[in-house]
Amino acid sequence: MPKSTPIPEKKDLLNTLDDRILYPWQYLEYRGEDSRTIIDKSKGIYLYDQTGRQLIDGPGGMWNVNVGHGVKEIADAVYNQITKMPYASPFTESTEIAYNYASRLVKYAPGDLKRVFFTSGGSSAVDSALRFVMFYNNVRGLRDKKQIISRHDAYHGSTFLGASCSGKERDKNNFDFADNLVHHLSAPNPFKKPDDLSDEEFCDLKVKELENKILELGQDKVAAFIAEPILASGGVIVPPKGYHKKTREICTKYDVIYISDEIVTGFGRLGHIFASENYFDLEPDIILLAKGITSGYVPCGAVVISEKLMSQLDNKEKVIFSNGFTDSGHPVSMAAATATLDYIEKNNLLEHVQEVGPYFQSKLSELIDLPIVGDVRGEGLMAAVECVISKEKKDPLNLQYEIASRINSHCQNLGLIVRPLFNTCVMSPSLIITKEQIDDLVSILRKGIELATDDIKKEGLWSAS
Ligand SMILES: Cc1ncc(COP(=O)(O)O)c(C=O)c1O
């Protein structure tokens, strides 16, 4: 008989956990040595580690635990669905729960976006949308119209095509990408705006870049523009006012499909189920959802497609949309999604975000007085605090100092988890957060930044300039 593996002591558990699992975005150099916090339980906006220490979940999981942790109504809905009917094949059967949920969801969608294709998560939603666009053009006889335009600093997931659309330089090192299909524009980042340009001129420059790229590649070759309304994990980059509407106009002009990746901005983070239209005055052809759709309780994603596109495909002879997942419209995901929407509606969470969002942004913006903080930006309940070498030089206080990780370590000691992205601390708490809890979050973050600043000063890595 094989010898059974001994159960590790608590003190050894950390290394054991790190040893067994290859984590997403793992630095392989540190495998087995990562001092990750082991989370044991969670409630509301808080996580608790193995010692019972309470930590504010600053990133709200991965921008997904929108209704907060431990909502009994979602747990009950999931339990009831599993006991009633855990699974039915979406390839051959229908379920009322998926139909009813899709019907409810599209009531919130802009314009004629009324057809829902369910996926197993965000990346599969991105990939399905891009495959749909290619399929759509093939069916229309436009077999050369395949090129996709994305942006630097975008993140669109971890499938081959989604990762190819992502534009974060760090992630490009040792992987291969569909470079023959995907082209990147510069990020519409107002923090990087040259001083001699007005906001409007900067916006027009970015819009012109899209138009020029379409003209360079050829209108008959470009299929889609994929864009997060706010570039989330690229550092919460909020494009200049008017950018969304103007890029939409360019796409319409050149028959390019506009895919709005609302995987982060959807489901209440900006105070709306769909932010595209309500927040950015944008009516895309396709919207992608995941994360907050089930508040992270179980995996789920969705591609919401316009009837204008579908009308060109419906009832076409001998055409099969041969794309789908075992978990498309999974009954348990549908139960969690339905209960999440119920919870958002019953507790007026959209209105709550519309009220506390500006407070969250204004409290965080007070951090700009700290010497290493160069920019505080965001909308609703998503925000970034970017650290710079000096306020005048907007150069990032970056890699070599891993400043955001240092800030996160200090904040964790003080009771807050921060999402560190090199020189930027990202924050996207659960939508239920109160003003008092926002005060706690911001005061811990301030202290964490001060302590990290002291460290780098003492180590001679930084001096005020
Ligand atoms: C904007 C955006 N698109 C797509 C994805 C991929 O989603 P998933 O991790 O669920 O596959 C993410 C995940 O962070 C995201 O932020």
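Bear in mind that the values here come from a model prediction, so they are computed numbers and not experimental data.

The rules behind each value
Residues numbered from 1 in each chain as written. Predicted model: local features only at pLDDT ≥ 70, side-chain atom pairs only at ≥ 80, totals over all residues. Pairing = 2+ DSSP bridges. Helix = DSSP H or I, 4+ residues; strand = E, 2+ residues; numbered from the N terminus. Axes fitted to C-alpha atoms, helices over the stretch in contact; angles between N-to-C directions. Domains from an automatic or database assignment. Contact = placed C-beta atoms within 7 Å. Nonpolar A, V, L, I, M, F, W, Y, C, P; charged D, E, K, R; others polar. Near = placed C-beta within 6 Å. Buried ≥ 20, exposed ≤ 12 C-beta atoms within 10 Å, placed from the backbone. Parallel < 35°, antiparallel > 145°, perpendicular 65-115°, else oblique. Left-handed = near helix turned anticlockwise from the far one by under 90°.

Colleague: Would you mind going over the sheet that holds strand β7 (residues 222-227) with me for this structure?
Modeller: Hydrogen bonding along the main chain pairs the strands of a sheet, whether they run parallel or antiparallel. A sheet is described by the order of its strands in space; here seven strands give the open sequence β4-β10-β9-β8-β7-β5-β6, paired in mixed fashion. Looking at strand neighbours, the two that pair on one side only are β4 (113-119) and β6 (182-185), the edges of this open sheet. In this sheet, neighbouring strand axes are inclined to one another by 20° on average, regardless of whether the strands run parallel or antiparallel. Where β7 lies against strand β8 (residues 257-261), four bridges are found, and the strand directions are parallel. Residue Phe-225 lies in a different strand from β8, and its bridge partner there is Tyr-258.

Colleague: I tried to follow the domain arrangement of the protein on my own but got confused; where do I start?
Modeller: When the parts come together, some accessible area is lost, and that loss is often what is quoted as the size of the interface. Taken domain by domain, the protein comprises domain 1 (37-67 + 348-458) and domain 2 (72-346). Placing a centre on the C-alpha atoms of domain 1 and another on those of domain 2 gives a separation of 27 Å. Contact residues are listed per partner, giving 28 residues for domain 1 and 21 residues for domain 2. Of all the elements in the fold, those that place two or more residues in the side of domain 1 that touches domain 2 are α2 (60-63), α12 (349-365), β11 (373-379), β12 (382-387) and β15 (424-427). Sort the elements by how many residues they give to the side of domain 1 that touches domain 2 and α12 lands first, with five residues. Residue composition of the side of domain 1 that touches domain 2, grouped by class: 14 nonpolar, nine polar and five charged.

Colleague: Sorry, what's going on with the site of the ligand here?
Modeller: Within the structure, the ligand sits among 15 residues, and Gly-121, Gly-122, Ser-123, Gly-157 and Ile-263 are positioned closest to it. Residue composition of the shell around the ligand, by class: seven nonpolar, six polar and two charged.

Colleague: Before we go on, may I ask you to explain the sheet that holds β15 in this structure?
Modeller: Overall, antiparallel pairing links the four strands, which are arranged β11-β12-β15-β14 in an open sheet. Sheet topology places β11 and β14 (419-421) at the edges, where each strand pairs with a single neighbour. Within this sheet the neighbouring strands show an average axis-to-axis angle of 20°, counted without direction. Where β11 meets β12, six bridges bridge the pair, whose relative direction is antiparallel. Within β12, the residue paired with Val-376 across the bridge is Val-385. Packed on one face of the sheet, helix α13 (residues 403-414) meets β12, β14 and β15 and runs near 160° to β14.

Colleague: Could you clarify how one ought to interpret helix α8 (residues 243-253) in this entry?
Modeller: Since the α-helix advances by 3.6 residues per turn, residues separated by three or four positions end up pointing in the same direction. Taken together, the buried positions of α8 are occupied by Tyr-243, His-244, Lys-246, Thr-247, Arg-248 and Cys-251. The inward-facing, buried residues of α8 abut α7 (199-217), β7, β8 and α9 (275-280). Trailing α8 by a residue or two, Asp-255 shows a phi angle of about 55°, which is positive.

Colleague: Please clarify how the packing of α12 against helix α14 (residues 435-458) should be interpreted in this entry.
Modeller: Each pair of packed helices gets described by two things: the angle between the helix axes and the distance between those axes. In the contact formed by α12 and α14, the axes pass within 10 Å of each other and the chain directions differ by 20°. Viewed along their axes, α12 and α14 adopt a mutual orientation that is roughly parallel. Relative to α14, α12 is oriented so that their crossing is right-handed. Within the contact between the two elements, α12 uses Val-356, Tyr-359, Phe-360, Lys-363 and Leu-364 and α14 uses Lys-435, Ile-438, Asp-439 and Val-442.

Colleague: Sorry if this is basic, but what is going on with the pairing of β7 here?
Modeller: A regular strand carries its side chains on alternate faces of the sheet. Extensive coverage of β7 is indicated by the burial of six of its six residues. By the bridge criterion, three bridges tie strand β5 (residues 147-151) to β7 in an arrangement that is parallel. By the bridge assignment for β7, Gln-147 is matched with Val-222.

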